[in-house]
Structures are given as C-alpha cells and as structure tokens.
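Summary of the model geometry
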Amino acid sequence: MIVAVASGKGGTGKTTIAVNLAKSIDGEVDLVDCDVEEPNAHLFLRSNPIESKEVTVPIPQVDESLCDGCGECSKFCEFHAIITPNTKPIVFPELCHGCGGCTLVCPRGAISETQRRIGVIDISREDHIRLIQGRLDVGVAMAPPLVRAVRANSRDNVATILDAPPGTSCPVITTVRNSDFVLLVSEPTPFGLYDLELAVKMVAELEIPFGVIVNRHDLGDNRVHEFCKDNQIPILLEIPDDRRIAEAYSRGIAIVDALPEYKPVFQGLLEKVDELVHSKEGRSDANL
Amino acid sequence: MKIALTSKGKDLDSDLDERFGRARHFIIYDTETESFETIDNEQNLNSPQGAGVQAAETIAKTGAASLVTGHCGPKAFRALTAAGIKVFTTNATTVKEALDLYLAGKLTEADNADVEGHW
C-alpha cells in the first residue's frame, strides 16, 4: 500500500505524520521524502547511509553539421527549451523537462541526448525504516523529474509512505499520483482551510481516495471541520496542540518516540486508511 | 532596417511595455518604409515558462536587427544575442518616444541582461 501525506499549506505537519506512520508500522517500510526542495524527514530519524546516487535528465544536443535549421524541434517544445531563431537551434537546459520529443521529431536526426545532473537520491536506514530522500541541486528549478526518480526507488510489496512537498503544483501531483490513499494534513485556521480546499480539489481531480488529518485541532476555529462535514470528507485523526509534541519536534524526536501513548493512535490511523483503501469508501469523487 | 519594440497597445502611441517575454504586443518598425506591423504576444503571455526565449525567436523571425524594450532577462538576452539582435533598454513612456530616442542614436546598446529572470 502506498500512502501519500500531502497538504495545501506548508507547516501543517506532513513530515510529522509521515515519520510517525513509518515508525508505527510493524515490519519493513519505505519512507520516501519527496519534498526534494527541502527534505526534512531525516531530521526525525537516526538513519545510517546505505547509498547515494546522482539523478540526471536527458537534454538535447544539436549536431549543427546535420541540422538544416527547420525549427521542428522548437515547434514541438512547449517549454521553449530549444529555440530556432534565424540560426541553428539554441538549447536552454534549465528549461528542458527531458521528454525527448525534440530528438524524435528532428527530420535530420541531428539531435541526440546528453545528461544533465539535477540532484541526488540518498538511501539510509533506521531499523525497519528505509528512508529514500531526494535532494534537488541548488539552482535547479524543476523538481518533478527528481520526484519521479525518488519514487522509483521505493520497493513493490513494501508499505510505502510518501512525504509530499507543500502546495498543489507539479511536484505534489508527481508525488501523490498512483498512490493508494492521500492523507491531507490541515490545521484549523483560515489559511489551513483555504489551502485544504485547493488540495481537496487536486486529489479529487486525480481520483485518489483521501481523508483529512487536523493537526493542532484545538486551535483556531471549526471551519475546517465544517468544510469536511459538508463535503463528506472523513477526518481520520485529530492531534492536539500539545507542548510536549512541539518540544520533542524541536529536538528532532518523533511523537511516538517521545510519547509512546501515541503509537496506537498512528496504528489506528493506518488501520482506518487500510479499511478505506479496501472498501473504497474514502472520498475520491468530491465535486467541489 | 527593422526595429522591434515592446508595446502595451497596437500602435506607436501606445505605452512601451517594460517587459520583453511577456509584453502584450511587439511593434516591428521598418525604417525604410517608415511603417510598422504589430504582432500579438498573447499566447506567450500565458506561457508557463520560457516566455523570454520564445519572444526572442518571434523577434528573430521578423528579421528585426534591434530590440528596444524596458528590461531584458538573462535567457532572453542570450537568445537575442545568439540571433544577432542588438538589445536597447529605455524607460521611455511610449513606443513613439522609445523609437525616436533609438533613431536619434540616444540609446546605448546593452551588453548584458539588466534584470534577473522573472523580475
């Protein structure tokens, strides 16, 4: 089972939920930190490095002796990563998504591919948790190819927890796509609600079953609860605004390690998710 | 010789568009015929990325030798330079003012981008 932990708003507790879920699973688990622009799940583990590998994307290189300047490559590229002004094509590697389309459409076979490094994947382990973390290189603006590479390193038939980046844009969609269930972590504030509504629309569009976790549920107002009730979205867990949790967090200690009484709570969450995945009762058809 | 200018409207009295890649229109002025044509940049305006380099390609295809605009970012500058187009920046208010300054030789050719991308 693949469970993605996402949120619209940043700082609602995605990583907290993802790490504590991973720690509460009995048996082997892949914890995948897909927030490649600022990965942080490792801060809550004491994991030992296993391997590190570079991730590259293919970018076009043009053999000018074969190119006749027809510009088919540029017409094809919707990202404007290869343009043909009145010269031979010019490539902008930082705009290239690595789809390979220009290479295919070139009628003269003048374009081949070379590799451009965009980041690294670090794999480490703490007990039963195998942490797979992507780290985008400084200056690289395109996260999805790295997110895909990170996800491709999780194992089939092993419980997988995906820690998504915040927001609802491409890196998040790349993370949650093809997962079995999405946990949307929110907080009961106007910002939390606004971004939750966006996240719900995104997940509904992807037709993935989902439920909501309300973190620091005793703060703010009850509009997140009302929104979930009005739209029949299950609230699967509420976590109180507990100073002990914040103190443990500030020292890089997971809730279940600092406060073992929470372990059954996270195990209960997993059971609920498992039930919803198998009964298909989680909302995936929200029409908002 | 043709000169490209970025414009918020469709004629010479329009305000100069400070932006290059996401300018509303391009006005291509021909010094030989003393006439101009207008190119709509609407599609590029909503481009998810690469508006500057795409605009450079558009300008290159018009055969313009110079571009007069408000600001020009690094990727657009690289593309324009590769296409042999000279870049001039100005804070003139209207397209006509910018064109007159250019024709009077009062604008200095830019030797580099003057703003970061996505300014």
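Residues numbered from 1 in each chain as written. Chains lettered and ligands numbered in written order. Predicted model: local features only at pLDDT ≥ 70, side-chain atom pairs only at ≥ 80, totals over all residues.

Helices and strands together make up the secondary structure of chain B, namely four helices and five strands. Walking chain B from its N terminus toward its C terminus, one meets helices and strands in the order β-β-β-α-α-β-α-β-α. Its C-alpha atoms give chain B a radius of gyration of 12 Å, near enough to 14 Å, the size a compact globule of 119 residues would have. Considering only C-alpha atoms, chain B reaches an extent of 35 × 30 × 25 Å along its principal axes. The buried share of chain B, reckoned over its 119 residues, is 45%. For chain B, the share of sequence-separated contacts (at least 6 apart) that also reach a separation of at least 24 residues comes to 49%. (Helix = DSSP H or I, 4+ residues; strand = E, 2+ residues; numbered from the N terminus. Rg over C-alpha atoms; globule rule 2.2 N^0.38 Å. Buried ≥ 20, exposed ≤ 12 C-beta atoms within 10 Å, placed from the backbone. Contact = placed C-beta atoms within 7 Å.)

A few words now on the overall build of chain A. The number of helices and strands found in chain A is ten helices and eleven strands. Counting only C-alpha atoms, chain A reaches 70 × 45 × 35 Å along its principal axes. For chain A, with 288 residues in total, the buried portion stands at 45%. Long-range pairs, those at least 24 residues apart, make up 74% of the contacts in chain A between residues at least 6 apart in sequence.

Right, let's talk about helix 10 (residues 263–279) of chain A for a bit. Residue and element names in this part refer to chain A. Spanning 17 residues, helix 10 covers 24 Å between terminal C-alpha atoms, matching the ideal 24 Å at 1.5 Å per step. Among all positions of helix 10, only Phe 266, Leu 269, Val 273 and Leu 276 are buried. Each buried residue of helix 10 sits inside an arc of 80° when the element is viewed along its axis, so together they form one side. Seen from the buried face of helix 10, the exposed residues on the opposite side, beyond 90 degrees, are Pro 264, Glu 271, Glu 275, His 278 and Ser 279. Buried residues belonging to helix 10 abut strand 1 (2–6), helix 1 (14–24), strand 9 (181–186), strand 10 (210–215), strand 11 (235–239) and helix 9 (255–258). (Expected span 1.5 Å × (residues − 1). Arc of directions from axis to C-beta.)

Glancing now at unusual backbone geometry. The phi dihedral of Glu207(A) falls on the positive side, at around 55°, and the residue is not glycine. Relative to the helices and strands, Glu207(A) is located in the loop between helix 6 (190–206) and strand 10. On the neighbour-count criterion, Glu207(A) (9 C-beta atoms within 10 Å) is exposed. For Glu34(B), which is not a glycine, the phi torsion comes out positive at approximately 50°.

Moving on, we come to helix 1 of chain A. The α-helix advances 3.6 residues per turn, and as a result positions three or four apart in sequence lie on the same side. Of all eleven residues making up helix 1 of chain A, eleven are buried, and the element is well covered by its neighbours. Of all the residues in helix 1 of chain A, the buried ones are Lys14(A), Thr15(A), Thr16(A), Ile17(A), Ala18(A), Val19(A), Asn20(A), Leu21(A), Ala22(A), Lys23(A) and Ser24(A).

Residues and elements named next belong to chain A. The strand order across the open sheet built from nine strands is 3-6-7-2-8-1-9-10-11, with neighbouring strands paired in mixed fashion. One side of each edge strand has no neighbouring strand; the edge strands of this open sheet are strand 3 (48–62) and strand 11. Between one strand and the next, the sheet's axes are offset by a mean angle of 20°, whatever the strand orientation. In the sheet, strand 2 (residues 29–33) pairs with strand 7 (residues 129–136) via five bridges, with the strands oriented parallel. (Pairing = 2+ DSSP bridges. Axes fitted to C-alpha atoms, helices over the stretch in contact; angles between N-to-C directions.)

Residue and element names in this part refer to chain B. Packing of helix 2 (residues 51–62) against helix 3 (residues 74–82) leaves a shortest axis separation of 7 Å and a crossing angle of 25°. Here helix 3 runs roughly parallel to helix 2, going by the angle between their axes. Viewed along their axes, helix 2 and helix 3 form a crossing whose handedness is right-handed. When helix 2 is examined against helix 3, the residues Gly 52, Val 53, Ala 55, Ala 56 and Glu 57 are found in contact with a partner set consisting of Lys 75, Ala 76, Ala 79 and Leu 80. Looking at the contact of helix 2 with helix 3 residue by residue, the class counts come to six nonpolar, one polar and two charged. (Parallel < 35°, antiparallel > 145°, perpendicular 65-115°, else oblique. Left-handed = near helix turned anticlockwise from the far one by under 90°. Nonpolar A, V, L, I, M, F, W, Y, C, P; charged D, E, K, R; others polar.)

The next subject is the domain arrangement of chain A. What the domain assignment lists for chain A is domain 1 (2–52 + 119–279) and domain 2 (64–109). Each of domain 1 of chain A and domain 2 of chain A was reduced to a C-alpha centroid, and the two centroids are 39 Å apart. (Domains from an automatic or database assignment.)

The subject of this paragraph is the nonpolar core. The nonpolar side chains of a soluble globular protein tend to be buried with one another. All names here are of chain A. Formed by 115 residues in total, the largest nonpolar core has its most connected members in Val 5 and Leu 184. When we break this core down by domain, the ones giving at least three residues each are domain 1 (2–52 + 119–279) and domain 2 (64–109). Sequence-distant contacts of Leu 184, defined by excluding residues within four places in its chain, comprise Ala 6, Ser 7, Leu 196, Ala 199, Val 200, Val 203, Phe 210 and Val 212. (Core = buried A, V, L, I, M, F, W, Y, C linked by C-beta atoms within 7 Å.)

Okay, the interface of chain B and chain A next. Note on interface size: it is often stated as the accessible area lost on association of the parts. The interface of chain B with chain A comprises 13 residues on the first partner and twelve residues on the second. Secondary-structure elements contributing two or more residues to the side of chain B that touches chain A are helix 2 and helix 3 of chain B. Residue contributions to the side of chain B that touches chain A peak at six residues, all from helix 2 of chain B. Residue classes in the side of chain B that touches chain A are distributed as six nonpolar, four polar and three charged.

Before going further, it helps to spend a moment on the pairing of strand 10 of chain A. Within a regular strand, the side chains alternate between the two sheet faces. All names here are of chain A. In terms of burial, strand 10 is a largely internal element, six of the six residues being buried. Residues Phe 210, Val 212 and Val 214 of strand 10 are buried on one face, and the alternating residues Gly 211, Ile 213 and Asn 215, pointing to the opposite face, are buried as well. Pairing of strand 9 with strand 10 involves five bridges; the strand directions are parallel. Bridged to Val 182 within strand 10 is Phe 210. In this structure, strand 10 lies alongside strand 11, joined through four bridges in parallel fashion. Bridge pairing in strand 11 places Ile 213 opposite Leu 237. Viewed along the sheet, the connection from strand 10 through helix 7 (residues 223–230) into strand 11 turns out right-handed. (Right-handed = clockwise from strand over helix to strand, strands pointing away.)

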